[in-house]
Amino acid sequence: MAPATSLFVENPTETPSQASKRMSIKTLVESPGLTSIPSNYSYSLNPNESAGSEPDETIPTIDFSLLTSTDPHQRSKMIQDLDRACREWGFFMLVNHGVPKSLMKETLDGCNQFFNLPMEEKKEYEGKDIWKPIRFGTGVDVKIEKFFFWRDFLKVYVHPQFNFPNNPKGFSEVAEEYSKRTREVIKELLKGVSESLGFERSYIEKAMNLESGLQIFAVNLYPLCPQPELAMGIPAHTDHGLLTLLIENEIGGLQIQHNGKWFNVNPLPNSFLVNTGDHLEILSNGRYKSIKHRAVVNNKATRISIAVPLGPSLDTVVSPAPELIEGESGRPAAYLPMKYKVYMDHQLEGKPCLDHVRLPVA
């Protein structure tokens, strides 16, 4: 793989395969005469994977306005529905969340404008250090995955300290407001999750030190692909953190694993797609599961998705809640305690992070 300093340097004497190692997917797709994908982007499904299909059941929907209602009966029902969604699916659609439709659109538009910036402007943010506050890149380290993803990305740490690119003009202000509003939504959802686990409302917020919680603004750009059946936007994975909110530009591509099968996700208009993360699985001692999901690509239109995960503070040691491993209703701890920052560092090893902390079943 080319060194990071030359990741986006193009050389007209290179073959398409060699050049693809050094250019973004957007640049590759816009190069003249591209009719097939370079071999290093070819992805084969594992034997235990399958193509996605339409789900037999509907992904659960949570009405945020009822979850935050002053009516105790409405709130109680939503908490029950939230518990069921986290246990049985690990995903749900969130409606009536209060984040303005106009802000969601402005944020998606700003992301599109960022990816349309000249490569020289985006290049200043390239790098492999996962702790770099603003990081732009493409593909993945082939030492780990042996192939490249069909996507470009922008990842920014937006809390507890807000960072963001200066261009396009005005995008930073929009992203800051979007980050704030989504953080408020996640914190409110986690109050409901706390109650669904039998705790008081602020249990997770206090235990996970959410005032200093790590929030990431992660954008993926999936340009149209000449051979979508051979490429993969992002292979199957789970998310670190507690909860992730996701929106997209109405171009499908997200698939989730449910009951051993892969299903296409078709979000409701103006909804957030929410998924439980690894650290909610750990904290709940396995009651809630961090579900595998992936992104496929197409040859019709470019897809943009924005995922905003919120996790504990970096110095928080996450382990199963003591109340869930004690007494008659509890079960033995199924996960080892680990500091959140250390957990994220393990991502560089290319191994599913939960494997580092999950204890073998007795």
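Refer to the structure above for everything that follows.
One structure accompanies this document, and this report is about it.

The rules we used
The numbering scheme is per chain: residues are counted from 1 as the chain's sequence reads. For this predicted model, a pLDDT threshold of at least 70 governs which residues receive local features, and a threshold of 80 or more governs which side-chain atom pairs are given and counted, while totals over whole chains, interfaces and linings are taken from all residues. Hydrogen atoms and water are omitted, and side-chain values are computed over all heavy atoms in the structure. A pairing counts as a salt bridge when a side-chain nitrogen of Lys or Arg comes within 4 Å of a carboxyl oxygen of Asp or Glu. Where helices and strands are cited, they refer to DSSP runs of H or I of at least four residues and of E of at least two residues respectively, numbered from the N terminus. Whether a residue is buried, partly exposed or exposed follows from its accessible area with a 1.4 Å probe, protein chains only, as a fraction of its type maximum: under 20%, in between, or over 50%, in that order. Expected helix span is given by 1.5 Å per residue-to-residue step, counting one fewer step than there are residues. The contact criterion used throughout is that any non-hydrogen atoms of two residues lie within 4.5 Å. Polar contacts here mean pairs of N or O atoms no more than 3.5 Å apart (in protein, one a potential hydrogen donor and the other a potential acceptor; neighbouring residues in sequence count only if both atoms are side-chain atoms). For two strands to count as paired, DSSP must find a minimum of two bridges between them. Axis geometry follows a simple rule: fit a line to the C-alpha atoms, using only the stretch in contact for helices, then measure angles between N-to-C directions, giving values from 0 to 180 degrees.

## Let's talk about the pattern of salt bridges
- All chains considered together, the criterion is met by 18 salt bridges.
- Here Glu 30 ties to Lys 26 by a salt bridge, and the two come within 2.7 Å at their closest N and O atoms. In this pair, Glu 30 and Lys 26 are both assigned in helix H2 (residues 25-30), four residues apart and thus about one turn of the helix distant.
- For Lys 77, the salt bridge goes to Asp 81, with nearest N and O atoms at 2.9 Å. On the criterion of helical spacing, the pair formed by Lys 77 and Asp 81 is a turn pair, its members being four residues apart in helix H4 (residues 72-88).
- Judged by its relative accessible area of 46%, Lys 77 is partly exposed.

## Points about H4
- Between its first and last C-alpha, H4 extends 24 Å over 17 residues, near the 24 Å set by a 1.5 Å rise per residue.
- Structurally, H4 contributes buried residues whose contacts are with strand S1 (61-63), helix H3 (64-67), strand S2 (91-95), helix H8 (171-196) and strand S10 (272-276).
- Where H4 begins, one side-chain oxygen reaches toward the backbone nitrogen of His 73, 2.8 Å away; that side chain belongs to Asp 71.
- Note on H4: the residue one or two positions beyond its end, Gly 90, has a positive phi of about 75 degrees.

## Quick notes on the sheet that holds S2
- The sheet built from eight strands is open, its strands ordered S1-S2-S10-S7-S12-S5-S4-S3 with mixed pairing. Edge positions in the sheet fall to S1 and strand S3 (134-138), since each of these pairs with one other strand and no more. With strand direction ignored, the average angle separating the axes of adjacent strands in the sheet is 25 degrees.

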